[in-house]
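# Topology and contacts: notes
One-letter residues, chain by chain:
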Amino acid sequence: AQSVTQPDIHITVSEGASLELRCNYSYGATPYLFWYVQSPGQGLQLLLKYFSGDTLVQGIKGFEAEFKRSQSSFNLRKPSVHWSDAAEYFCAVAPGYGGATNKLIFGTGTLLAVQP
Amino acid sequence: SQTIHQWPATLVQPVGSPLSLECTVEGTSNPNLYWYRQAAGRGLQLLFYSVGIGQISSEVPQNLSASRPQDRQFILSSKKLLLSDSGFYLCAWSKGLLSRTGNTIYFGEGSWLTVV
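All of the points below concern the structure found in this document.

What counts, and where the lines are drawn
Residue numbers run consecutively from 1 along every chain, following the written order of its sequence. The lettering of chains begins at A and the numbering of ligands begins at 1, in the order of writing. At least 70 in pLDDT is required for a residue's local features to be given in this predicted model, at least 80 for side-chain atom pairs to be given and counted, and no such filter applies to totals for whole chains, interfaces and linings, which use all residues. Each side-chain value is derived from all of the structure's non-hydrogen atoms; neither hydrogens nor water enter the calculation. A helix here means a DSSP run of H or I that spans at least four residues, while a strand means a run of E at least two residues long, and both kinds are numbered starting from the N terminus. Our radius of gyration is a C-alpha quantity, and the globule rule it is checked against amounts to 2.2 Å times the number of residues to the power 0.38. Burial status follows relative accessibility: with a 1.4 Å probe on protein chains alone, a residue under 20% of its type maximum counts as buried, one over 50% as exposed, and anything between as partly exposed. Note on definitions: a residue-residue contact is assigned when non-hydrogen atoms from the two residues lie within 4.5 Å. All accessible-area figures derive from a Shrake-Rupley calculation using a 1.4 Å probe, and residue coverage is judged against the displayed protein chains alone. Only four residue types enter the tally: Lys and Arg on the positive side, Asp and Glu on the negative side; His and the chain ends are excluded. One atom stands in for each charge, and that atom is NZ of Lys, CZ of Arg, CG of Asp or CD of Glu. At least two bridges found by DSSP between two strands are what make those strands a pair. Lines fitted to C-alpha atoms define the axes here, with helix axes fitted over just the stretch in contact, and angles between the N-to-C directions of these axes take values from 0 to 180 degrees. Disulfides are defined as pairs of cysteine sulfur atoms found within 2.5 Å of each other. Buried area is calculated as the accessible area (1.4 Å probe) missing from two parts once they are joined, with the contributions of both summed. Should a side-chain nitrogen of Lys or Arg be within 4 Å of a carboxyl oxygen of Asp or Glu, the pair is scored as a salt bridge. Here a polar contact is recorded for every N or O atom pair within 3.5 Å, except that within protein the pair must consist of a potential hydrogen donor and a potential acceptor, and residues adjacent in sequence are included only if both atoms are side-chain atoms. Amino acid classes used here: Ala, Val, Leu, Ile, Met, Phe, Trp, Tyr, Cys and Pro are nonpolar; Asp, Glu, Lys and Arg are charged; the rest, including Gly, are polar.

### Quick word on the overall build of chain B
Looking only at helices and strands, chain B has zero helices and eleven strands in total. When its helices and strands are written in sequence order, chain B yields β-β-β-β-β-β-β-β-β-β-β. Taking 116 residues into account, the globule formula puts the C-alpha radius of gyration at 13 Å, and chain B, at 14 Å, falls close to it. Across its three principal directions, the C-alpha atoms of chain B cover 40 × 30 × 25 Å. Within chain B, the proportion of its 116 residues that are buried is 48%. Across chain B, the fraction of contacts at a sequence separation of at least 24, relative to all contacts at a separation of at least 6, is 55%.

Okay, structure coming up:
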């Protein structure tokens, strides 16, 4: 069965420091991969997505993610974190081309705190 | 552009009372519609999805039901709420199957339900 693992439940970084949030997936073929961000009490906003092609994907708000097939990972990165980035981040996976599903499987999320 | 609205934003209901959360999508036709639940400290759980009017797929057997009376309207209901139904409910939509390149789920702002 497909699954998504976000091993870090909670991360604290200083403002201006770099950030990497980890995401590992379990799926037989190359899936479609997504990162969403959720501010407190709000819905989810799409940061970026990977379908095919260049394995380094650029998203909104200065985020990027790299798909590494050999490691089954899709880690989210940002070179310099801003206080407004404090939120919960969710990695998600859907079956890739050839699959037929409406299920988007989410990880349990990583809560990011930013210290001044 | 497409927009998604869900209401009410916040709801406090006694145990045993009924529930109705409503979601509408504008700016698109024949969307796939979803209801997700996010319980405290847990990831997002897919409850129901619909590919068309009157077509509902249930992912998790429980105290809830969903209906799609119109193309862009999706309703989450319960006849008798349980304490365990408390959580953050998110409506979402996509244009077609998630396994097709480019298709993405877009979320509403969510509804907080507290059962007391």
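That was the structure; now back to the text.
### Overview of the overall build of chain A
Helix and strand counts for chain A come out as zero helices and twelve strands. When the helices and strands of chain A are listed from N to C terminus, the series reads β-β-β-β-β-β-β-β-β-β-β-β. For 116 residues, the compact-globule estimate of 2.2 N^0.38 gives 13 Å, and chain A sits close to it at 14 Å. Reported as C-alpha extents along the three principal axes, the dimensions of chain A are approximately 45 × 30 × 20 Å. Counting the 116 residues in chain A, one finds 47% classified as buried. Taking the contacts inside chain A whose residues are at least 6 apart along the sequence as the reference set, 55% of them involve residues at least 24 apart. Taken as a whole, chain A presents about 5400 Å² of accessible surface, with 50% of it coming from carbon and sulfur. If the 8 positive side-chain charges of chain A are averaged to one point and the 8 negative ones to another, these points end up 8 Å apart.

### Overview of the sheet that holds strand β1 (residues 3–7) of chain B
All names here are of chain B. A sheet is described by the order of its strands in space; here four strands give the open sequence β1-β3-β8-β7, paired in antiparallel fashion. The sheet is open, and its two edges are formed by β1 and β7 (65–70), each paired on a single side. Geometrically, the sheet is characterised by an average inter-axis angle of 20° between neighbouring strands, direction not taken into account.

### Some remarks on the state of the cysteines
The term disulfide refers to a covalent linkage connecting the sulfur atoms of a pair of cysteines. Residue and element names in this part refer to chain A. Tallied over the full model, the rule gives two disulfides over all chains. Covalent S-S linkage joins C23 and C91, the inter-sulfur distance amounting to 1.9 Å. Across the S-S bond linking C23 and C91, the dihedral sits near -65°, which makes this disulfide left-handed. Taken as a pair, C23 in the loop between β3 (19–21) and β4 (24–26) and C91 in strand β10 (residues 87–94) lie far apart in primary sequence, 68 residues in all.

### Examining the interface of chain B and chain A
Taken together, the 28 residues of chain B in the interface contact 26 residues of chain A. Carbon and sulfur atoms supply 55% of the area that chain B and chain A bury against each other, a total of about 2000 Å² over both sides. At the boundary of chain B with chain A, the tally comes to zero salt bridges. One can count five residue pairs in polar contact (both at pLDDT 80 or more) joining chain B with chain A. Put simply, the parts of the chain that give the side of chain B that touches chain A at least two residues each are β4 (32–38), β5 (44–52), β9 (87–94) and β10 (106–107) of chain B. Here the residues of the side of chain B that touches chain A sort into 14 nonpolar, ten polar and four charged.

### So, unusual backbone geometry
When glycine is set aside, most residues are seen to have a negative phi, and most peptide bonds are trans. A cis amide bond links W7 of chain B with the next residue in sequence, P8 of chain B, at an omega value of 0°. Here P8 of chain B lies in the loop between β1 and β2 (10–13). Residue S72 of chain A is not a glycine yet carries a positive backbone phi of 50°. With respect to the secondary-structure elements, S72 of chain A resides in the loop between β8 (64–68) and β9 (73–78). By relative accessible area, S72 of chain A is classed as partly exposed at 25%. Here N30 of chain B, not a glycine, exhibits a phi torsion of approximately 50°, which is positive. As for its position among the elements, N30 of chain B is in the loop between β3 (19–26) and β4.

### Let's talk about the environment of I105 of chain B
All names here are of chain B. Take I105: it is sitting in the loop between β9 and β10. I105 gets classed as buried once you look at its relative accessible area, which sits at 1%. A sequence separation of 13 residues divides I105 from A92, and the C-alpha atoms of the two residues are 6.3 Å apart.

### Brief notes about the pairing of β2 of chain B
All names here are of chain B. Going residue by residue along β2, you find L11 and Q13 tucked away on one face and T10 and V12 left uncovered on the opposite face. Pairing between β2 and strand β11 (residues 111–115): four bridges, direction parallel. Looking across to β11, one finds that V12 is bridged to T114.

### Remarks on the side chain of T28 of chain B
All names here are of chain B. Relative to the helices and strands, T28 is located in the loop between β3 and β4. The buried category is assigned to T28, whose relative accessible area is 13%. With near-sequence residues (within four places) excluded, T28 lies in contact with Q2, R72, W93 and K95.

Note that every value here comes from positions in space, so none of it alone points to a role or purpose.
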